[in-house]
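Per-entry structural report
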Amino acid sequence: MSNHPIVKMEQVSFKYEREWVVKDVNLTIRQGQFLGLVGPNGSGKSTLIKLMLGLAKPDRGSITLYDRPIKNFSNWQEIGFVSQKANSFNSGFPATVLEVVKAGLVSRIGTFKFFNKKHKDKAMQALHTVEMEDYAHSNIGELSGGQQQRVFIARALVSDPSLLILDEPTVGVDAKHVTEFYDLLGRLNKEQGITLLMVTHDIGTITEHATHVVCMNKTVHFHGNTEEYKEFNDEDLNRLYGHSVQQLTHNHDHDEVNPS
Amino acid sequence: MIESFFQYEFLQNAAITGILIGIVAPLLGVFIVVRRLSLIADALSHITLTGIAASLLLEKKVTGINDWNPVYMGMVFSVGGAILIERLRKLYKHYEELAIPIILSGGIGLGVILISLADGFNTDLFSYLFGSVTAVDRTSMWTVLIITIMVIAIVILFYKELFVLSFDEEQASISGVNGRWIHLLFIVMVALVIAASMQVVGILLVSALMTLPVASALRLARSFKQTIGLSIAFGETSVLIGLFSSYHLSVPPGGTIVMVAVIILVMTILFKKVRTQQWIKGEV
Ligand SMILES: Nc1ncnc2c1ncn2[C@@H]1O[C@H](COP(=O)(O)OP(=O)(O)OP(=O)(O)O)[C@@H](O)[C@H]1O
Ligand SMILES: [Mg+2]
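In this text the structure is predicted, and so the values were computed from the model without any measurement.

1. Examining the overall build of chain A
- A tally of helices and strands in chain A yields eight helices and ten strands.
- Among the 260 residues that make up chain A, the fraction classed as buried is 50%.
- Here chain A displays about 12500 Å² of accessible surface, and carbon together with sulfur accounts for 48% of that area.

Written out as structure tokens, the structure is:
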């Protein structure tokens, strides 16, 4: 069971318009790993996740989830996701926190079946995990950004996923809850064997918690365990990272001078 | 009205049809409003008018077509328009709302041509524009009943899918919800409800019955379920009081129903204001 590949991307490339945003990515995520995904702004991290979740279709390459080509994959309750844009929803939306978290159970419940008491309890439990149960009946739009983020984390956890994908989940969350959140992730990973993929810019913290690190800028520049990453970080990676960032800024300037 | 209700079949038809659309129009309206697609109802009601004009024209020009109820042609056009809107929305991914004015103006353009070819406005058309308490016949009342049952059943059956799609399309997609299919189903329901409501409220005011009760409910509700409940309650109140006063004042029900809905809206806005102020005072 352990070490079994859950996500497998082979030679995956993708572009929104003309330029490749993700290029020739090979990435395997194995069961039980806690993977930190890092890279500069615009390096394609969120896009890579969209591809992984079938929210965007790759122009080239193949993606398998739990040994199935993504287009045949249907076990969505196995996957929990917190989007980077989670709290860009319509803030006037008339829904309570509880209703939002229950929506995370849709895949688990299945078509033609209804929400019941058990699902409510499950949602309350997930809210308890992120210490938001007191807000269960509050309107989601009336919470602070960090509180909303915690609700979306609860929504991702509520279906008991075996793979949790988090795109900068702690942005706007206060220090106390970030620490608790990392502790929670650690427990989920070690005690329940949940596989984690987390995008973050907080390289220092992620290397303390993750088992593996992936560094990308359009393509994967580094993929290894945290120890290897720390060695790599000192020499090559800083250069690579810095170089990439410079190149990115350069491209940007070029675009402004000569818009295409 | 109560005695007349048992006396005249047309009143029964209008009242029962009114009660039914007082439920389904705001029910679908909730999903339309929260997705910021309020204008979709307008686009579809205008294309329904085109269908009605087409039916009236056919009736006039083609011998053998006499007692076609124009409502059915209206439904066909409305559903067709709904499918077109969905297609256009996919074509203009980043300007989804652009599909609405395209269909709306296209519908009016074609409608005007058809109406002129059918020799202009007549009383019939007037009652389609603003509704009528006398225009609903038994068959269309039954049709509306069937549509109502179907819509309620579908909304209950797909409640969680409709909710998650309205709140967060990405989440819906990774929950395995077939968004395209549900959108299509939903917009076809909207088209049918618009065509069904039209006889009582009138084409020009149908969208008001779908959106005004929801606008009122949004002032007061916390949860999504509450929003649905209040919207239906406000919609139903508007229809009942509106129909009653329409009959007594001899004015088209579309006008009275919408005015009641407007009064409810103003009342909820004031209520919320007062309550918020009380709350602020209470704090101090
Ligand atoms: N919907 C879109 N349409 C067109 N281009 C896009 C879209 N989303 C992202 N891009 C482009 O794709 C590139 C990668 O974006 P992506 O969001 O994947 O980066 P990221 O690594 O997640 O960045 P960040 O750290 O800022 O979140 C960027 O250059 C961005 O401009
Ligand atoms: Mg990103």
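2. Details of the UniProt feature "transmembrane region" (unreviewed entry) in chain B
All names here are of chain B.
- As annotated in UniProt, the feature "transmembrane region" (unreviewed entry) corresponds to residues 14-34, 39-58, 70-86, 98-121, 141-159, 180-197 and 253-271 in the numbering used here.
- Regarding residues 39-58, the helix share stands at 100% and the strand share at 0%, and the terminal C-alpha atoms are separated by 29 Å.
- In residues 180-197, helix accounts for 100% and strand for 0%; the two terminal C-alpha atoms are 26 Å from one another.

3. Focus: the site of ligand 1
Residue and element names in this part refer to chain A.
- Contacts to ligand 1 come from 13 residues, most closely from Gly42, Lys45, Ser46, Thr47 and Gln84.
- Between Ser43 and ligand 1, the recorded distance is 3.2 Å, taken from a backbone N or O atom to an oxygen atom.
- Here an oxygen atom of ligand 1 sits 3.5 Å away from a polar atom, N or O, in the side chain of Glu168.
- Broken down by element, the residue count for the shell around ligand 1 peaks at three residues, all from helix α1 (residues 45-52).
- Here the residues of the shell around ligand 1 sort into three nonpolar, eight polar and two charged.

4. Digging into the coordination of the magnesium ion (ligand 2)
Residue and element names in this part refer to chain A.
- Protein ligation of the magnesium ion (ligand 2) involves Ser46 (OG) and Gln84 (OE1), the donor distances falling in the range 1.9 to 2.1 Å. Residue Ser46 is located in helix α1, and its partner Gln84 is located in the loop between β6 (79-82) and α2 (97-102); the two are separated by 38 residues in the primary sequence.
- With a relative accessible area of 24%, Ser46 lands in the partly exposed category.

5. Section: the sheet that holds strand β9 (residues 212-217) of chain A
Residues and elements named next belong to chain A.
- One open sheet accounts for six strands, arranged β6-β7-β8-β3-β9-β10; its pairing is mixed. On the outer flanks of this sheet lie β6 and β10 (219-225), each paired with one strand and no other. On average, each strand axis in the sheet is tilted by 15 degrees relative to the strand beside it, whichever way the strands run.
- As defined by bridge partners, strand β3 (residues 34-38) adjoins strand β8 (residues 195-199) across four bridges and the pair is classed as parallel. What sits directly across from Phe34, in β8, is Leu196.

6. Things to note about the interface of chain A and chain B
- On the chain B side, the residues contacting the 32 residues of chain A number 26 residues.
- Interface area, chain A with chain B, both sides summed: about 2600 Å², of which 65% is carbon and sulfur.
- Per-residue buried area on chain A facing chain B is highest for A:Phe93, A:Pro94 and A:Val106; these three make up 23% of the total on that side.
- Across the chain A-chain B interface, the total number found is two salt bridges.

7. A closer look at the environment of A:Trp20
Residue and element names in this part refer to chain A.
- Mapped onto the elements, Trp20 comes out in strand β2 (residues 20-30).
- Each C-alpha atom of the pair Trp20 and Asp67 lies 26 Å from the other, and the pair is 47 residues apart in sequence.
- The contact partners of Trp20, leaving out residues within four places of it in the chain, are Ser13, Phe14, Lys15, Asp59, Arg60 and Lys218.

8. Structural notes on the pattern of salt bridges
- Scanning the model with the defined rule gives eleven salt bridges over all chains in all.
- Its salt-bridge partner being A:Glu19, residue A:Lys218 comes within 3.9 Å of it at the nearest N-O pair. Here A:Lys218, found in the loop between β9 and β10, pairs with A:Glu19, found in the loop between β1 (5-15) and β2; they are 199 residues apart in sequence, far enough to count as distant.
- Where A:Glu142 meets B:Arg222, a salt bridge forms, and the shortest distance between an N and an O atom there is 3.8 Å. In this pair, A:Glu142 is assigned in the loop between α4 (117-129) and α5 (145-157) and B:Arg222 in the loop between α11 (206-220) and α12 (224-249), connecting two distinct chains.
- Each of the salt bridges in this network shares a partner with another, and the network as a whole consists of A:Glu131, A:Lys176 and A:Glu180.

9. Regarding a nonpolar patch on the surface
- A contiguous nonpolar patch, built from B:Leu91, B:Tyr92, B:Tyr95, B:Leu98 and B:Ile102 and spanning about 510 Å² of accessible area, is present on the exposed surface.
- Mapped onto the elements of the fold, B:Leu91 is located in helix α4 (residues 70-91).

10. Some words on the packing of aromatic side chains
- Applying the stated rule across the entire model yields 21 aromatic pairs over all chains.
- Ring centres of B:Phe126 and B:Phe130 lie 5.0 Å apart, and the angle between their planes is 55 degrees; this geometry places the pair in the tilted category. Remark: B:Phe130 and B:Phe126 occur in helix α6 (residues 123-130); sequence separation between them is four residues, near one turn of the helix.
- Judged by relative accessible area, which is 46%, B:Phe126 ranks as partly exposed.
- Accessibility expressed as a relative area gives 26% for B:Phe130, which makes it partly exposed.
- Each ring, one from B:Tyr159 and one from B:Phe224, has its centre 6.3 Å from the other, and the planes form 50 degrees; the classification is tilted. A residue pair is termed long-range when its members are at least 10 positions apart, and B:Tyr159 in helix α8 (residues 159-167) and B:Phe224 in helix α12 qualify at 65 residues. Of the two residues examined, B:Tyr159 and B:Phe224, each falls in the buried class.
- Put simply, the rings of A:Phe89, A:Phe93, A:Phe152, B:Phe31, B:Tyr159, B:Phe163, B:Phe167, B:Phe186 and B:Phe224 pair up and form one aromatic cluster.
- We note A:Lys102 situated over the ring of A:Phe115; from NZ or CZ to the ring centre the distance is 5.0 Å.

11. A word on helix α5 (residues 99-117) of chain B
All names here are of chain B.
- Between its terminal C-alpha atoms α5 stretches 27 Å, which fits the 27 Å expected from 19 residues at 1.5 Å a residue.
- Of all the positions in α5, only Ala99, Ile100, Ile103, Gly107, Gly111, Leu114 and Ile115 are classed as buried. Seen end-on, α5 carries its buried residues on one side only, within an arc spanning 105 degrees.
- Looking one or two places after α5, you find Asp119, whose phi comes out positive at around 70 degrees.

Rules of the game
In this numbering scheme, every chain counts its residues from 1 along its sequence in written order. Chain letters and ligand numbers both follow the written order, the letters beginning at A and the numbers at 1. Whole-chain, interface and lining totals are the exception, using all residues; otherwise, since this is a predicted model, local features are given only for residues with pLDDT of at least 70 and side-chain atom pairs are given and counted only at 80 or more. Only hydrogens and water are set aside; all other atoms, that is, all heavy atoms of the structure, feed into the side-chain values. What counts as a helix is a DSSP run of H or I of at least four residues, what counts as a strand is a run of E of at least two, and both are numbered from the N terminus. Buried, partly exposed and exposed residues are distinguished by accessible area as a fraction of the type maximum, computed with a 1.4 Å probe on protein chains only: under 20%, between the cut-offs, and over 50%, respectively. Residue exposure ignores everything except the shown protein chains as possible cover, and the areas themselves are Shrake-Rupley values with a 1.4 Å probe. UniProt positions are given in the numbering used here, feature names are shortened, and annotations may be inferred rather than shown by experiment. We call a residue near a molecule or strand whenever a single non-hydrogen atom of that residue lies within 4 Å of it. In protein, a polar contact requires one atom able to donate a hydrogen and another able to accept it; more generally it is a pair of N or O atoms within 3.5 Å, and residues adjacent in sequence count only if both atoms are side-chain atoms. Each residue receives one of three labels: charged for Asp, Glu, Lys and Arg, nonpolar for Ala, Val, Leu, Ile, Met, Phe, Trp, Tyr, Cys and Pro, and polar for the others, Gly being one of them. In this description, a donor is an N, O or S atom within 2.8 Å of the metal centre, a cutoff extended to 3.2 Å for sodium, potassium and calcium. Water is not part of the atom list, which can make sites seem incomplete. Here, a strand pair is defined by DSSP locating no fewer than two bridges between the strands. Comment: axis = line fitted to C-alpha atoms, over the contacting stretch for helices; angle = value between 0 and 180 degrees taken between N-to-C directions. Residue contacts follow a heavy-atom distance rule, with two residues in contact if any of their heavy atoms lie within 4.5 Å. Once two parts are brought into contact, the accessible area they lose, counted with a 1.4 Å probe and summed over both, makes up the buried area. A side-chain nitrogen of Lys or Arg and a carboxyl oxygen of Asp or Glu constitute a salt bridge if their distance falls within 4 Å. For patch building, the residue pool is restricted to those with more than 30% relative accessible area and no salt bridge; the joining distance is 9 Å between like charges and 5 Å between nonpolar side chains (Val, Leu, Ile, Met, Phe, Trp, Tyr). Aromatic contacts are taken between Phe, Tyr and Trp rings whose centres are within 6.5 Å, Trp giving its six-membered ring; a plane angle under 30 degrees counts as stacked, one over 60 as edge-to-face, and the others as tilted. Any Lys NZ or Arg CZ found within 6 Å of a ring centre and within 35 degrees of that ring's normal is scored as a charge over the ring. Any helix carries an expected span of 1.5 Å times its number of residues minus one. For this quantity, the arc is that covered by the directions from the helix axis to the C-beta atoms.

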